[in-house]
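Chains, contacts and geometry: an overview
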Amino acid sequence: MKQLGVLGLGKMGEAIVAGLKKGAEGARWKVQGSTRTRESGKEAAKRLGISVGTDNAAVARECQLLLLAVKPHQAAKVLGEIAPALTDEHLVISICASI
């Protein structure tokens, strides 16, 4: 099973997860996400039916494909948090404006 980690579950992150889950390939993916707060994580988990936490590095350790879906001013902080967990096997895709 392929694993996708979505770092940031705002409008764009949620839309991508929802679209992936509805698509023909959705069942082949295990999706995890991260949010800034536990409250928003619980809400997103309920809406999307995925595991959501607040530890970006934990998501990076679990998933080799990472989608950076945070606001541009948050990107450097999140990338710093996940950097120690990244290996040559990881692929990080950014949907942040200008990044």
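Quick note: structure is the one above.
Described in the following lines is the structure provided in the data block. Every value quoted in this text rests on a predicted model; they were computed, and no experiment measured them. Along every chain, residues carry numbers that run from 1 in the direction the sequence is written. Two thresholds apply to this predicted model, a pLDDT of at least 70 for residue-level local features and 80 or more for giving and counting side-chain atom pairs, whereas whole-chain, interface and lining totals are computed over all residues. In computing side-chain properties, one takes all heavy atoms of the structure into account and sets aside hydrogens as well as water.

**Topic: the packing of helix α1 (residues 11-22) against helix α2 (residues 38-48)**
A pair of packed helices is captured by two measures, namely the crossing angle of their axes and the spacing between those axes. Where α1 meets α2, the closest approach of the two axes is 11 Å, and the angle between their N-to-C directions is 25 degrees. Classified by the angle their axes make, α1 and α2 are roughly parallel. Pair α1 / α2 crosses with right-handed handedness. For the pair α1 and α2, the contacting residues are Glu14, Val17, Ala18 and Lys21 in the first and Ala44, Arg47 and Leu48 in the second. Ten residue types, Ala, Val, Leu, Ile, Met, Phe, Trp, Tyr, Cys and Pro, are classed as nonpolar, four, Asp, Glu, Lys and Arg, as charged, and the remainder, Gly among them, as polar. Grouping the constituent residues of the contact of α1 with α2 by class yields four nonpolar, no polar and three charged. Axes here refer to lines fitted to C-alpha atoms; in helices the fit is confined to the stretch in contact. Angles between the N-to-C directions go from 0 to 180 degrees. Secondary structure elements follow DSSP: runs of H or I of four or more residues count as helices, runs of E of two or more count as strands, with numbering from the N terminus. Convention used here: angles under 35 degrees read as roughly parallel, angles over 145 as roughly antiparallel, angles from 65 to 115 as roughly perpendicular, and any remaining angle as oblique. Crossings are sorted by hand: turned counterclockwise from the far helix by less than a right angle, the near helix makes the crossing left-handed, and turned clockwise it makes it right-handed. Throughout, a residue-residue contact means that at least one pair of heavy atoms, one from each residue, lies within 4.5 Å.

**Structural notes on the state of the cysteines**
In a disulfide, the sulfur atoms of two cysteines are held together by a covalent bond. What counts as a disulfide here is a pair of cysteine sulfur atoms lying within 2.5 Å. Within the structure shown, the criterion is met by zero disulfides. Not part of a disulfide, Cys63 finds its nearest cysteine sulfur in Cys96, a span of 17 Å. We classify Cys63 as buried; its relative accessible area is 0%. When its relative accessible area of 6% is taken as the criterion, Cys96 is described as buried. Burial classes follow relative accessibility: with a 1.4 Å probe on protein chains only, a residue under 20% of its type's maximum area counts as buried, one over 50% as exposed, and anything between as partly exposed.

**Regarding the side chain of Gln32**
By secondary structure assignment, the location of Gln32 is in strand β2 (residues 29-34). Ignoring any residue separated from it by four or fewer positions in sequence, one finds Gln32 in contact with Gln3, Leu4, Gly5, Val6, Ile50, Ser51, Val59, Glu62 and Cys63.

**Details of the environment of Thr54**
Tracing the sequence through the fold places Thr54 in the loop between β3 (51-53) and α3 (56-62). In sequence terms Thr54 and Arg36 are 18 residues apart; their C-alpha atoms lie 5.7 Å from each other. Beyond its immediate chain neighbours, meaning those up to four positions away, Thr54 contacts Thr35, Arg36, Thr37 and Arg38.

**A look at α2**
In an α-helix there are 3.6 residues to a turn, and that puts residues three or four apart on one side. Along α2, the residues classified as buried are Gly41, Ala44 and Leu48. An end-on view of α2 places all buried positions within 65 degrees of arc, on one side of the element. When the buried face of α2 is taken as reference, the exposed residues oriented beyond 90 degrees from it are Arg38, Glu39, Lys42, Lys46 and Arg47. Residues of α2 that are buried sit in contact with α1 and β3. Working definition: the arc comes from the directions between the helix axis and the C-beta atoms, pointing outward to the latter.

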